[in-house]
Amino acid sequence: MPSLKEIPSSSAVLRSSDARGRLLDLQRHYALVSDESLIAVALEEVPALYALLKDAAEPLRLAFGEGNLLQLEALESDEGIILRVMVILPSRTENGADLMRGFQRSWWLKNCSRAEASLVFDYEIGDGV
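Draft legend 1. Quick peek at the overall build of the protein chain. Looking only at helices and strands, the protein chain features five helices and four strands. When the helices and strands of the protein chain are placed in sequence order, the string is α-α-β-α-α-β-β-α-β. Considering the protein chain as a whole, with its 129 residues, one finds that 42% of them fall into the buried category. In the protein chain, once contacts between residues fewer than 6 apart in sequence are set aside, the share between residues at least 24 apart is 68%. Roughly 7,200 Å² of accessible area belongs to the protein chain as shown, and the carbon and sulfur atoms make up 49% of that amount.

Structure (structure tokens):
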């Protein structure tokens, strides 16, 4: 049975001006759609995630097009916290899977080892967008 990691107090992590600054910087690229303290904890646990998320913003825009909403959320599991980037595509999009494969081939496969299995990318076709 995998051991559970002790997660630092989320309020302590958010009090760190460094953590607050990283979150504010990421909000330039992503809409944070979950508890910001969980996102901050994930960034503390895997320091490479911050740079990886910043680096991913432009390749995501190139792969999926400008103007699509990029959401960032933290998901809790027995293994710890996983960050998920969700690209919200317009309802008229028919090739979301192809766009994701293009992003994976052009950027994510070259960079995924930096994430330490703590980051996933996904897409969703929006309703009425």
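Draft legend 2. Structural view of the pattern of salt bridges. All told, the structure shown has eight salt bridges when counted by the stated rule. The salt bridge involving Arg-22 is made with Glu-44; its shortest N-O contact spans 3.0 Å. Residue Arg-22 is found in helix H2 (residues 17–26), and its partner Glu-44 is found in helix H3 (residues 36–45); the two are separated by 22 residues along the sequence. When its relative accessible area of 37% is taken as the criterion, Glu-44 is described as partly exposed. In this structure, Asp-55 engages Arg-114 in a salt bridge whose closest nitrogen and oxygen atoms are separated by 2.9 Å. Linking Asp-55 in helix H4 (residues 48–64) with Arg-114 in the loop between helix H5 (96–111) and strand S4 (119–125), this pair joins segments that are 59 residues apart in sequence. Judged by relative accessible area, Asp-55 falls into the partly exposed class, the value being 39%.

Draft legend 3. Just the pairing of strand S2 (residues 69–77), in detail. As judged from the two bridges shared by strand S1 (residues 31–32) and S2, these two strands associate in the parallel manner. Bridge pairing in S2 places Ala-31 opposite Gln-71. The hairpin formed by S2 and strand S3 (residues 80–89) contains two residues between the paired strands.

Draft legend 4. View of the packing of H2 against H4. For the pair H2 and H4, the least separation of the axes is 10 Å and the interaxial angle reads 15°. On the basis of their axis angle, the class for H2 and H4 is roughly parallel. The handedness of the crossing between H2 and H4 is left-handed. Only Tyr-50, Leu-53 and Lys-54 of H4 make contact with H2, whose side of the interface consists of Arg-22, Asp-25 and Leu-26. Among the residues making up the contact of H2 with H4, the classes are represented as three nonpolar, no polar and three charged.

Parameters at a glance
Residues numbered from 1 in each chain as written. Predicted model: local features only at pLDDT ≥ 70, side-chain atom pairs only at ≥ 80, totals over all residues. Heavy atoms only, no water. Helix = DSSP H or I, 4+ residues; strand = E, 2+ residues; numbered from the N terminus. Buried < 20%, exposed > 50% of the residue type's maximum accessible area, 1.4 Å probe, protein only. Contact = heavy atoms within 4.5 Å. Areas by Shrake-Rupley, 256 points an atom, 1.4 Å probe, with all protein chains shown as cover. Salt bridge = Lys/Arg side-chain N within 4 Å of Asp/Glu carboxyl O. Pairing = 2+ DSSP bridges. Axes fitted to C-alpha atoms, helices over the stretch in contact; angles between N-to-C directions. Parallel < 35°, antiparallel > 145°, perpendicular 65-115°, else oblique. Left-handed = near helix turned anticlockwise from the far one by under 90°. Nonpolar A, V, L, I, M, F, W, Y, C, P; charged D, E, K, R; others polar.

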